[in-house]
Amino acid sequence: MYWNKPIETMERNHMIELQTSRLKATVERVYRQVPFYRSKMQAEGLLPADITTLEDIKKLPFVIKQDMRDNYPYGLFAVPLTEIVRIHASSGTTGKPTVVGYTKRDLDIWAEVMARAFSYSGASKTSCIQIAYGYGLFTGGLGAHYGAELLGASVIPISTGNTARQIMLMKDFGTTVLACTPSYALVIAETIREMGLELSEFSLKAGIFGAEPWSENMRREIEKRLGIKALDIYGLSEIIGPGVACDCLCQNGLHISEDHFYPEIINPLTGEVLPDGEKGELVITTITKEGMPLVRYRTRDLTFLDRSVCDCGRTLVRMGRIMGRSDDMLIIRGVNVFPSQVESVLLSIGNTSPHYQLIVDREDNLDILTVLVEINEEMFTDEVKGMEELERKIKAALSSVLQISAKVRLVNPKSLERSEGKSKRVIDNRKL
Amino acid sequence: MIVQQISVFLENRKGTLAKVLSVLHEHGVNLRAMTVADTADFGIMRMVVSEPEKVEKILHAADYAVKITPVLALKIEDTPGGLLNKIMLLANGGISVEYVYAFATTGSEGARVVLKVDKLEEANNMLLQLKNNTEEGQCW
């Protein structure tokens with residue numbers, strides 16, 4: 001179901017024209033309005049007039065999260081505060097929060113891209129959408145809320161928490177679409193089971209899940225346990241919030257609303273732009289935002305782009321499921337290693353993704369990678385040879401995927417250090 | 001007879017055996033038989049207890065990977081050849097023994113043997129049919 005058919009099915013050359021004119025206008029505006037961009041461009045000897053094609057974007061310097069902290073709170077805003085109608089901020093666990101400001105038009109664009117995302121799932125004005133993302137400074141709740149309202153659906157703004165109540169309303173109100181984090185979807189599924197309720201008592205059809213990385217395996221698990229289609233939604237508050245990209249029912253990549261967010265994939269080490277299909281760091285330029293436009297913002301998220309036409313008929317470029325974070329990348333014996341690669345190896349061996357940790361040491365000038373894998377009951381067999389075979393299989397799969405050899409050590413369940421429920425993925429003991 | 005053996009994954013580090021034993025001790029679990037198979041990196045502790053399901057829950061709650069495996073438990077005479085005739089019987093019957101652990105007790109109680117075999121029911125029946133099997137049904 002299309003929400004904005006002309007845009008969603010726009011031919012590539014028309015999209016390029018649209019993006020080019022919007023990019024030029026954005027560069028012009030930030031150069032004029034934001035001292036940060038002006039001085040960065042001047043340092044490179046660039047004028048807005050030097051940007052005439054999409055290709056020219058490569059000339060522009062990148063923006064990173066630290067730039068937002070350095071310009072805290074309003075330094076990157078391109079309009080006076082009188083034009084700003086909403087302010088969101090990140091949790092700021094590693095310093096000052098990152099602050100984003102929206103004009104009235106920014107909020108309209110946000111609602112538009114979120115309405116598209118909901119419609120990708122088959123949702124329409126007849127749907128009942130339960131928003132179980134947090135409402136507040138976090139962009140998840142309000143972002144999804146206004147998109148669902150624009151769609152014309154009946155919106156249940158329940159926010160997070162009180163799972164038993166969520167489930168009661170979901171059942172009684174006939175919720176058809178659930179929007180929350182994928183891990184919370186699993187909590188809801190588990191609680192439904194514990195409450196002894198049957199899926200047939202619910203009207204759920206689809207879920208829009210995001211705000212945290214998840215795997216294909218988790219998707220299948222959620223779909224099985226809730227009896228729905230589970231779609232991945234991508235976004236980040238720096239760019240706008242949820243709705244930057246979302247799966248359609250084909251589940252073959254997330255359609256980026258590229259008429260508003262222009263994506264590039266770069267090599268995170270060199271900054272070089274990579275061709276479609278190659279995996280690298282996603283860089284986004286907002287080409288319509290007024291309040292706080294970002295030019296070539298490095299998301300640190302790793303993915304790839306696919307510009308082929310989707311089976312759903314949409315031409316909007318698709319990005320692969322997020323495969324990890326570029327700041328997690330390790331260089332071991334000269335080879336780039338991502339924790340997500342280890343995760344995919346472990347997933348391919350068992351049915352569940354065990355917690356793991358990468359430990360890098362340097363002995364006699366040689367990097368040694370040890371992968372600790374938490375054993376779970378599914379992997380555990382009573383026999384030594386079975387366990388040795390498991391270790392051998394993991395080791396062989398790791399060396400073929402990573403291109404370097406790794407030691408594998410099986411460890412007890414829940415023995416690896418966790419922060420906020422997530423394992424600490426990497427310990428680098430090298431003194432470089 | 002067939003009993004439910006509990007297997008626990010143990011990392012090969014100092015103190016891991018003491019830790020799991022103290023968990024069992026805290027809950028008043030009495031080990032009837034126990035062995036640890038080890039490799040360079042890890043060990044598998046196997047044990048027979050009187051309430052295996054309860055012990056499985058205890059260990060699971062203490063974050064151990066636990067598995068319940070049915071095994072054969074035999075009581076044999078504590079004399080030379082006591083084990084041999086049983087093993088011969090199984091070997092002649094085409095049963096493979098995957099692992100075995102045994103220990104002697106004091107007095108006239110004989111020795112106890114735990115056997116992990118490939119064809120459990122078949123092996124159990126063979127032993128039950130063995131004449132003069134005085135210890136039948138009264139192991140442990």
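See the structure printed just above.
These notes cover the structure that comes with them. (Residues numbered from 1 in each chain as written. Chains lettered and ligands numbered in written order. Predicted model: local features only at pLDDT ≥ 70, side-chain atom pairs only at ≥ 80, totals over all residues.)

Remarks on the interface of chain B and chain A
- Counting from both sides, the interface comprises 15 residues of chain B and, opposite them, 16 residues of chain A.
- Taken together, the elements giving at least two residues each to the side of chain B that touches chain A come down to β1 (2-11), β3 (42-49) and β4 (66-76) of chain B.
- Tallied by class, residues from the side of chain B that touches chain A come to 7 nonpolar, 3 polar and 5 charged. (Contact = placed C-beta atoms within 7 Å. Helix = DSSP H or I, 4+ residues; strand = E, 2+ residues; numbered from the N terminus. Nonpolar A, V, L, I, M, F, W, Y, C, P; charged D, E, K, R; others polar.)

Looking at unusual backbone geometry
- Between Y72 of chain A and P73 of chain A the backbone carries a cis peptide bond, its omega angle lying at -10°.
- With respect to the helices and strands, P73 of chain A occurs in the loop between α4 (65-70) and β1 (84-89).
- Backbone geometry places D63 of chain B, a non-glycine residue, at a positive phi of 65°.
- Looking at D63 of chain B, the number of C-beta atoms within 10 Å reads 13, which means it is partly exposed. (Buried ≥ 20, exposed ≤ 12 C-beta atoms within 10 Å, placed from the backbone.)

Digging into helix α2 (residues 12-33) of chain A
Residue and element names in this part refer to chain A.
- Under the 1.5 Å per step criterion, the end-to-end length of α2 is 31 Å for 22 residues, consistent within 8% with the ideal 32 Å.
- Within α2, burial applies to L23, T26, V27, V30 and Y31. Buried residues of α2 fall within an arc of 120° about the axis and therefore sit on the same side. Those residues of α2 that are exposed and aimed more than 90 degrees away from the buried face are H14, S21 and R32.
- The secondary structure elements touched by the buried residues of α2 are α3 (35-43), β10 (261-266) and β11 (280-286). (Expected span 1.5 Å × (residues − 1). Arc of directions from axis to C-beta.)

As for the nonpolar core
Residue and element names in this part refer to chain A.
- If you look at the biggest cluster of nonpolar residues, it comprises 147 residues, and the most contacted ones within it are F118, I129, I131, A179, V371 and V373.
- By residue number, the principal contributor to this core is helix α5 (residues 104-120), which donates 9 residues.
- In this structure, A179 is in contact with I129, Q130, I131, A132, Y133, A144 and I208, ignoring residues within four places of it in sequence. (Core = buried A, V, L, I, M, F, W, Y, C linked by C-beta atoms within 7 Å.)

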